[in-house]
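# Understanding the architecture of this molecule
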Amino acid sequence: MNIMEPIKAVIIEDEELARELIKNYLKGNDMVEIIRECENGFDGVKAIAELKPDLIFLDIQMPKLNGFEMLELVDDPPETIFITAHNDFAIKAFERNAVDYLLKPYSKDRLLMALNKAVERIRNQVPAAGKVKTLIQAPITEKMERVVVKSGTKIKVIPVEKIIYLEAQDDYVMIYTAEGKHLKQATMKYFEDCLDPSVFIRVHRSYMVHVDQVVQLEPYSRDNFVLKLKNGVALRVSRSGLKSLKEKLSF
Amino acid sequence: MFNPLLKVRSYFIAYSGIWCMIAIIHVLILILFQGFSIGLAITESVLSNFLLALIGLGLWFPVFFSKLEKESIVNFILKHLFACLLSVGLWVLIHYAILNALFASNKEYKEFLVSSLPWRAGIGGLFYGAIILVYYLIINYQNFREKLTREAELKALIRESELNSLKSQINPHFLFNSLNSISSLTMISPEKAQDMIIKLSEFLRYSLSNKEEKLTSLRDEIANLTRYLDIEKVRFGKRLNVINNTNDKCFDHKLPGLILQPLIENAIKYGVHESIGQTDIEFTCTCAERNLRVNIRNRFDPEFHYKKGAGIGIQNIRSRLKIMYGRDDLLSVVQSGAIFEVTILFPQI
């Protein structure tokens, strides 16, 4: 990229005045150009896919899709500056490779400092592929409440309570709910880290089950068991899976 | 219940020490003033004082079972008189019988023993009084200390609950987001920024004024709600739409202060925060002579808000109503489809 050219940035923030503030602070700044403003996470996903910005200013608390969930849906996330009133997400943000984390209200100098860091990173060109990997596999500090999946241009948010079970499929995980199934690009390890271990049990290399969905455990052959679920599905249980089932359900 | 002289180590040591001293004085008196042999003096002293000390421990029971603050003075005195006669009588009888048998051959001593019986009874009575006094002092001291710690605990509890109510009243995210909006407005429209600062200040002042314990008029509460909603409208713009159906006749009805704002805040949190389009919050107050009924309805997306049960905010309000009115049927929460509805009935006292 040409050094003289301003970097392209998108603002993703649900409050109008908060967007205005960023624009006003950056008015006349030749390092950055705001190429779009988005009012919510859905628009954010679309804008990033379409415009491929170098940088996003991202709010965390937004309707339907919060900032973190939105980032998960983006294939090649740009550099991110989080701007939020919540001070409890900083660790999570930096785990997601954030450039900076600004607490509202913040000064113009503070924003410019963050911008300088971002510009430096962008001009030094951190390889994008490495970023995606760390993004998806970063250890999660708190348990997930909902899972977001994307099929084509549609975005679906699934509360974890509605998940019946998960099945590993190569680089993807199939999420089964009462309404249907959804594919997400993630590993079983990712779900094992993110989901509450007292609710979801890894019963097999390829399966994770919601505790409440378990009906019974049946012997299949010697040393082999099959787990029956409420919706009639039967899943194979591995030896270590049997052990964790015994631990969690205490039988 | 348990005798403090036996329970507390230092008390027991002091009690034993005092009895040892009394025993030594007893021995000296017998030797120096009565001219008995050392062996006899020690035997009598140890025997009688040990017995008295034992009976003294037993006196905890009459003390424990007769509390001056719980019964009439006559009753109290009669009880102790009876206990005194019984214990002193027992003591005199037992130690007289044993000493009489032990020194049967010593005529001089036997004479002394018989002639000193009234004295012994008198001294026994005095000891009874002294021991009882010590017990009551211990009880009072313990009660006093207990009261002090209880008071300290109570104060800590009150302070904690005050702090909690303050925290729940002013949501830090609301505050910081509002300040951010003001920061933005100062660049776009200083007049609007000023207006918002004033509203925010008034809202904070009202919230900090400790109105929770008192009854306020609906007029004041609605004025505060309006300030709060005006601030939120600046933040959310068209996304927040409030429909206020308050009957003017209800303005002088009373309700606990700051009880409605958390409900509106909840409605905004689950309605406006989680929706992209416009969210209506419908606020309805109706009243009769004896009660005021407030109903708050908002639409929410059940797909995105799936948490079961009422939140902490609702629980707080329920317990406040219980404390204020002594009833727990005043608040009802209905969640049907995509509509969340809270209704509170405020009895007019």
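Residues take numbers from 1 onward in each chain, read along the sequence in its written order. Working convention: letters from A go to chains and numbers from 1 go to ligands, in the order in which they are written. For this predicted model, a pLDDT threshold of at least 70 governs which residues receive local features, and a threshold of 80 or more governs which side-chain atom pairs are given and counted, while totals over whole chains, interfaces and linings are taken from all residues. Note: side-chain values were computed over all heavy atoms of the structure, leaving out hydrogens and water.

### Let's talk about the overall build of chain B
A helix here means a DSSP run of H or I that spans at least four residues, while a strand means a run of E at least two residues long, and both kinds are numbered starting from the N terminus. Scanning chain B from N- to C-terminus turns up 12 helices and 7 strands. For every residue, the accessible area (1.4 Å probe, protein chains only) is compared with the maximum for its type, and the residue is labelled buried under 20%, exposed over 50%, or partly exposed between those bounds. The buried share of chain B, taken over its 349 residues, is 40%. Any two residues having at least one pair of non-hydrogen atoms within 4.5 Å are treated as being in contact. Counted over contacts in chain B with a minimum sequence separation of 6, partners at least 24 positions apart contribute 72%. Per-residue accessibility takes into account occlusion by the displayed protein chains alone, with areas from the Shrake-Rupley method and a 1.4 Å probe. Working note: accessible area of chain B is about 20000 Å², and carbon and sulfur atoms make up 65% of it.

### Points about unusual backbone geometry
Residues and elements named next belong to chain A. Here the amide bond leading from Lys104 into Pro105 is cis, since omega sits at -10°, within 30 degrees of zero. If you check the backbone angles, Asn97 has positive phi at about 70° while not being a glycine. In this fold, Asn97 is placed in the loop between helix 4 (90–95) and strand 5 (100–103). Although it is not a glycine, Asp170 sits at a positive phi angle of roughly 50°. Inspection of the secondary structure puts Asp170 in the loop between strand 8 (163–169) and strand 9 (172–177). For Asp170, a relative accessible area of 80% corresponds to the exposed category.

### Brief notes about the interface of chain A and chain B
Taken together, the contact pairs 28 residues of chain A with 25 residues of chain B. By convention, the term buried area covers the 1.4 Å-probe accessible surface removed from two parts as they join, with the contributions of both added. Carbon and sulfur atoms supply 52% of the area buried between chain A and chain B, which totals about 2600 Å² over both sides. On the chain A side of the contact with chain B, Glu15(A), Leu17(A) and Lys64(A) bury the most area, a combined 26% of that side's loss. When a carboxyl oxygen of Asp or Glu is within 4 Å of a side-chain nitrogen of Lys or Arg, the pair counts as a salt bridge. Between the two partners, chain A and chain B, sit 3 salt bridges.

### Quick look at the packing of helix 1 (residues 16–26) of chain A against helix 8 (residues 172–188) of chain B
Interaxial distance between helix 1 of chain A and helix 8 of chain B falls to 8 Å at its minimum, and their mutual angle equals 55°. With respect to their mutual orientation, helix 1 of chain A and helix 8 of chain B come out oblique. The interaxial crossing formed by helix 1 of chain A with helix 8 of chain B has left-handed handedness. Packed against helix 1 of chain A, whose contacting residues are Leu17(A), Ala18(A), Glu20(A), Leu21(A), Asn24(A) and Tyr25(A), the element helix 8 of chain B presents Asn180(B), Ser181(B), Ser183(B), Ser184(B), Leu185(B), Met187(B) and Ile188(B) at the interface. For this scheme, ten residues count as nonpolar: Ala, Val, Leu, Ile, Met, Phe, Trp, Tyr, Cys and Pro. Four count as charged, namely Asp, Glu, Lys and Arg, and the remainder, Gly too, count as polar. In the contact of helix 1 of chain A with helix 8 of chain B, the residues fall into 7 nonpolar, 5 polar and 1 charged. To define axes, lines are fitted to C-alpha atoms, for helices over the stretch in contact only, and angles between the resulting N-to-C directions are given on a 0 to 180 degree scale. Every angle not falling under 35 degrees, over 145, or within 65 to 115 is termed oblique; those three ranges are roughly parallel, roughly antiparallel and roughly perpendicular. Handedness of each helix crossing follows the sense of rotation of the near helix against the far helix: counterclockwise by less than a right angle gives left-handed, clockwise gives right-handed.

### Here we look at the environment of Glu303(B)
Here Glu303(B) shows up in the loop between strand 5 (291–299) and helix 12 (312–325). Glu303(B) gets classed as partly exposed once you look at its relative accessible area, which sits at 29%. Along the sequence, Glu303(B) and Ala338(B) sit 35 residues apart, while their C-alpha atoms lie 9.0 Å from each other. The residues touching Glu303(B), leaving out its near neighbours within four places in the chain, are Lys156(A), Val157(A), Pro159(A) and Lys162(A).

### Concerning the nonpolar core
Residue and element names in this part refer to chain B. Residues enter a nonpolar core if they are buried and are Ala, Val, Leu, Ile, Met, Phe, Trp, Tyr or Cys, with the set joined through side-chain atoms within 4.5 Å. Core analysis: the biggest nonpolar cluster contains 42 residues, and Leu260, Ile264, Ile268, Phe283, Leu321 and Phe346 have the highest contact counts within it. When residues of this core are traced back to their parent elements, those giving at least two are helix 8, helix 9 (190–207), helix 10 (218–236), helix 11 (261–272), strand 4 (279–287), strand 5, helix 12 and strand 7 (339–347). By residue number, the principal contributor to this core is helix 10, which donates 7 residues. Ignoring any residue separated from it by four or fewer positions in sequence, one finds Phe283 in contact with Ile222, Leu225, Ile243, Asn244, Asn245, Thr246, Leu260, Ile264, Val294, Asn295 and Ile296.

### Section: a nonpolar patch on the surface
Only residues whose relative accessible area exceeds 30% and that form no salt bridge are eligible for patches; like-charged ones are grouped when within 9 Å, while nonpolar side chains (Val, Leu, Ile, Met, Phe, Trp, Tyr) are grouped when within 5 Å. Together, Ile24(B), Ile25(B), Leu28(B), Ile29(B), Leu32(B) and Phe33(B) make up an exposed nonpolar region whose accessible area comes to about 650 Å². You can see Phe33(B) is positioned in the loop between helix 2 (9–32) and helix 3 (38–58).

### What about helix 2 (residues 41–51) of chain A?
Residues and elements named next belong to chain A. When we look at burial in helix 2, the residues that qualify are Gly41, Gly44, Val45, Ala47 and Ile48. Seen along its axis, helix 2 keeps its buried residues to an arc of 170°; they face one direction. Turned more than 90 degrees away from the buried face of helix 2, the exposed residues are Lys46 and Glu50. Here the buried face of helix 2 lies against strand 1 (7–12), strand 2 (32–38), strand 3 (55–58), helix 3 (67–72), strand 6 (146–151) and strand 7 (154–159). N or O atoms closer than or at 3.5 Å make up a polar contact, with two conditions inside protein: a donor-capable atom paired with an acceptor-capable one, and, for residues adjacent in sequence, both atoms drawn from side chains. Near the N-terminus of helix 2, the side chain that reaches the backbone nitrogen of Phe42, with its oxygen 3.1 Å away, is that of Asn40. Of the residues flanking the end of helix 2, it is Lys52, one or two places downstream, whose phi is positive at about 45°. By definition, the arc is the one covered by directions from the helix axis to the C-beta atoms.

### Examining the packing of aromatic side chains
Centre-to-centre distance and the angle between the planes together describe a pair of aromatic rings. Residue and element names in this part refer to chain B. Each Phe, Tyr or Trp ring, with Trp reduced to its six-membered ring, pairs with another whose centre is within 6.5 Å; inter-plane angles below 30 degrees give stacked pairs, above 60 give edge-to-face pairs, and intermediate values give tilted ones. Going through the model one piece at a time under the given rule, you end up with 21 aromatic pairs over all chains. Between the aromatic rings of Phe174 and Phe203, the centroid separation amounts to 5.5 Å while the plane-to-plane angle is 75°, which identifies the pairing as edge-to-face. Of the two residues, Phe174 sits in helix 8 while Phe203 sits in helix 9, which places them 29 residues apart along the sequence. For the pair Phe174 and Phe203, a shared accessibility class is recorded, and that class is buried. Between Phe300 and Phe340 the ring centres are 6.3 Å apart and the planes differ by 90°, which places this aromatic pair in the edge-to-face class.

### With respect to the packing of helix 2 of chain B against helix 3 of chain B
Residues and elements named next belong to chain B. Put simply, helix 2 and helix 3 touch, their axes get as near as 9 Å, and they point 145° apart. Crossing hand, helix 2 versus helix 3: right-handed. Counted together, Tyr15, Trp19, Ile22, Ala23, His26, Val27, Leu30 and Ile31 of helix 2 and Ile38, Ala41, Ile42, Glu44, Ser45, Ser48, Asn49, Leu52, Ala53, Gly56 and Leu57 of helix 3 form the full contact between these two elements. When grouped by side-chain class, the residues that make up the contact of helix 2 with helix 3 number 13 nonpolar, 5 polar and 1 charged.

### Observations regarding the sheet that holds strand 13 (residues 214–221) of chain A
Residues and elements named next belong to chain A. Think of it this way: DSSP has to see at least two bridges between two strands before they count as a pair. Pairing is antiparallel in the open sheet, where 3 strands are placed in the order 13-14-15. The open sheet has two free edges, formed respectively by strand 13 and strand 15 (234–237), since each of these has just one partner strand. Pairs of neighbouring strands in the sheet enclose a mean axial angle of 30°, with direction left out of account. Sheet topology places strand 14 (residues 224–229) next to strand 15; 4 bridges connect them, and they run antiparallel.

### Let's talk about the pairing of strand 10 (residues 181–185) of chain A
For a regular strand, side chains alternate in direction, first toward one face of the sheet and then toward the other. Residue and element names in this part refer to chain A. Where burial is concerned, the two faces of strand 10 differ: the one with His182 and Lys184 is buried and the one with Lys181, Leu183 and Gln185 is not. Summarising the sheet, strand 9 and strand 10 pair through 5 bridges and their orientation is antiparallel. Paired with Met174 across the strands is Leu183, a residue of strand 10. Where strand 9 folds back onto strand 10 in an antiparallel hairpin, the turn is made up of 3 residues.

### Remarks on the pairing of strand 13 of chain A
Residues and elements named next belong to chain A. Strand direction decides the pairing type here: strand 13 and strand 14, joined by 6 bridges, are antiparallel. Within strand 14, the position partnered with Pro219 by the bridge is Phe225. The turn joining strand 13 and strand 14, which pair antiparallel and follow one another in sequence, is formed by 2 residues; a positive phi near 70° is taken by Asp223.

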